[in-house]
Amino acid sequence: MSTLSSTASATASAEEYVQRVYSEVTRRDPLEQEFHQAVKEILECLVPVLARHPQYQANAVLERLVEPERTISFRVPWTDDAGAVRVNRGYRVQFNSAIGPYKGGLRFHPSVYSGIIKFLGFEQIFKNALTGLPIGGGKGGSDFDPKGKSDREVMAFTQSFMTELYRHIGQDTDIPAGDIGVGAREIGYMFGQYKRIHGGHEAGVLTGKGLLYGGSLARKEATGYGLVYFVQEMLAAQCQNFEGQTVVVSGSGNVSIYAIEKLQQLGALVVACSDSGGYIYDPQGINLDTVKRLKEQERARISEYVTAHPHAEYTEGSTGIWTIPCRIALPCATQNELDEDAARALVSGGVIAVGEGANMPSTLPAINYFLQQGILFAPAKAANAGGVAVSGLEMSQNGMRLSWSFEEVDERLRMIMKNIYRSSVRAAEEYDMPGNLVAGSNIAGFLKVADAMLAQGVV
Ligand SMILES: NC(=O)C1=CN([C@@H]2O[C@H](COP(=O)(O)OP(=O)(O)OC[C@H]3O[C@@H](n4cnc5c(N)ncnc54)[C@H](OP(=O)(O)O)[C@@H]3O)[C@@H](O)[C@H]2O)C=CC1
Ligand SMILES: O=C(O)CCC(=O)C(=O)O
C-alpha cells in the first residue's frame, strides 16, 4: 500500500472507532445530552491522533476514557427554616485518576443531573492534564438551589451533603472545590463538617478554602485572571492587546467578576455583564465595585445595578447580551449560553476574539461558525484552567504547610496559562490544524492522559 492510501485507511479506521465509541455512549445513557456533546467535541478532534497512533485503539483507551472510574449518587436530607424536611440528590463522578487524584468542583444548581456532572467531569480530565499538575478529573454537585436560602439552610444542606461525601474524598484520593453555586461560604461549611466527622485538620481535602484556614491567595481570582491571561497570549500572537478594546462578559459570578477586574487593569472597556435574569449595558464601562457589592455581599440581582447607575440599561433575558457590538466576548456563565445565532450576532457586531470562561458555553455549531469565520477562539478546557491550576497550587501549599504571596501565585498562574496556550498551539500544528485551539487543547490534554493510562495497564 502507498503511504497515502495507508494514511487514508488509518483515518477511516479511526473515524469508525470514534463513531463506534460515541454511539455506545449515546446508547448507554440516552438522556445525558450535555455529556454526549462534550464527548463528541473531543472525539472528533482525536481522529488524526488515533490514526497516527494505533496503540490507543488497540488498548481501548477511548472506551475506558468515556466511562467514569466510579459514580456516586446519594440522598441529601435537610431541614428548612419552616421545619420541613427536604430531600435533594448529591453526586460525585470520579472520572479518571490516570495522572493524579480526582480533582474538580461541586455545582449546586437546580439543573444538575447526571448528564451535567458527567460532562463537567469528562472535560475536567483533559483540562487538568493541560495544567501540567498531577491531578485527575472529577466533578460533583447537587440539584440544591442556594438562591434565596438562608445561611442556616445552606449550612444544613452542605453539612448533610458532606456527611455522605466525606467517605469518598481525601487529600490523596479526591479533592472537590467550588463551581456554580459553591463559593467560599459553602466550602467553609463543608470543610467544617468534614473535619468534624473525619477528624484532624486535613487541609488538602478541599480547595477554594478561606484564607484563615488553608486557602490560597489568588484562588478566588484565578479562573477569571487565567482566562484573561490566556486570551492575552492569543491576541499577542496577532500583535493585538486589550488596551481600549470593548468587551462583553456574560455572568456576574466568580469567573466573570475577576475576568472583568483583570480586563479593566489591562485597559479594556467592559460594557456588559449578566445573570440568569437579564443583562446590563453600561457604555461608560461596568462599575465593578457595584457588581461586587451586589453579587459578593448582598447576593442581589444584576438588575439592581441600574439603581446605582441610572445611565446604564437593564434588559430581561440573558442571551440578548451577545447582540451588543464588541471586539472581545467572554462567555462566563454556563453551558450552551452561546448558540449559532448568538455567534452570528457577535461576528456581525465586529468580534475578533472569543474566550470561554464557563465550561462548554458555546454550542458545537457556534464553535464551528467562529472557526470558519477565522475568529480567535479560546476553548474552555484551556482558557478556564487557571482555577483548577491554582487549586493545585493550594494543595501544594497545604502539603508544605506554607503560604505563598499573592504575587507568587499569580506569577505561577500566568506561566501555567502561557504553557497551556503554547502546548495547544503546538499540538494543533503537529496535527495539521494550525490555529485551531479547540483541536490543539483536546489533543494535548488527551495525549497526556492516554499515555499515562497505557503505562498503567488495563485498569
Ligand atoms: N469557579 C471556578 O473556579 C470555575 C468555574 N468554571 C465555570 O465558570 C462558569 C461560572 O462559574 P462561577 O462563576 O464559579 O459560578 P457562580 O455561581 O459564581 O456564577 C455563575 C453566574 O452565571 C449565571 N448563570 C448561571 N446559570 C445561568 C443560566 N442558565 N443563564 C444565564 N446565566 C446563568 C449566574 O446567574 P444567577 O446568579 O442568576 O444564577 C451567575 O451570574 C461555570 O460554567 C463553571 O463551571 C470553570 C472553571 C473554574
Ligand atoms: O478548582 C477546582 O478544583 C475545580 C475547578 C472547576 O470545577 C473547573 O475547572 O471547572
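Residues numbered from 1 in each chain as written. Chains lettered and ligands numbered in written order. Predicted model: local features only at pLDDT ≥ 70, side-chain atom pairs only at ≥ 80, totals over all residues. Heavy atoms only, no water.

**Q** I'd like to hear about helix α8 (residues 219-236), residue by residue, with values.
**A** When the terminal C-alpha atoms of α8 are compared, their 25 Å separation across 18 residues agrees well with the 26 Å that a helix rising 1.5 Å per residue should span. The sharpest bend along α8 comes to roughly 30°, located at Y225. (Helix = DSSP H or I, 4+ residues; strand = E, 2+ residues; numbered from the N terminus. Expected span 1.5 Å × (residues − 1). Bend = angle between axes of the 7 residues up to and from the residue.)

**Q** Any chance you could break down the sheet that holds strand β9 (residues 313-316) for me, citing the residues and the numbers?
**A** The strand order across the open sheet built from 7 strands is β9-β8-β7-β6-β10-β11-β12, with neighbouring strands paired in mixed fashion. Both outer strands of the open sheet, β9 and β12 (376-378), are each paired with one neighbouring strand and no more. Across this sheet, the average inter-strand angle for adjacent strands is 15°, counted without regard to direction. (Pairing = 2+ DSSP bridges. Axes fitted to C-alpha atoms, helices over the stretch in contact; angles between N-to-C directions.)

**Q** Could you give an account of the UniProt feature "site: Important for catalysis" (unreviewed entry) in the protein chain, naming the residues involved and the relevant values?
**A** The UniProt feature table records "site: Important for catalysis" (unreviewed entry) at D179. Tracing the chain through its elements places D179 in the loop between β5 (174-177) and α7 (184-198). Ignoring anything within four residues of it in the chain, the contact list for D179 reads G105, L106, R107, K139 and N359. (UniProt positions renumbered as here; feature names shortened; annotations may be inferred. Contact = heavy atoms within 4.5 Å.)

**Q** Can you break down the site of ligand 1 residue by residue, with the values?
**A** Around ligand 1 sit 26 residues in total, of which D179, T223, S276, R301 and N359 are the nearest. Contacts to ligand 1 include K147, whose side-chain N or O atom sits 2.8 Å from an oxygen atom. One of the backbone nitrogen or oxygen atoms of S252 is found 2.9 Å away from an oxygen atom of ligand 1. Protein coverage of the free-state accessible area of ligand 1, which is 890 Å², stands at 85%. Listed by contribution, the elements that provide at least two residues to the shell around ligand 1 are α8, α9 (254-265) and β7 (269-275). When its residues are assigned to classes, the shell around ligand 1 shows 5 nonpolar, 14 polar and 7 charged. No fewer than three residues from each of domain 2 (70-201) and domain 3 (222-383) sit in the shell around ligand 1. (Near = heavy atom within 4 Å. Polar contact = N/O pair within 3.5 Å; in protein donor to acceptor, adjacent residues only side chain to side chain. Areas by Shrake-Rupley, 256 points an atom, 1.4 Å probe, with all protein chains shown as cover. Nonpolar A, V, L, I, M, F, W, Y, C, P; charged D, E, K, R; others polar. Domains from an automatic or database assignment.)

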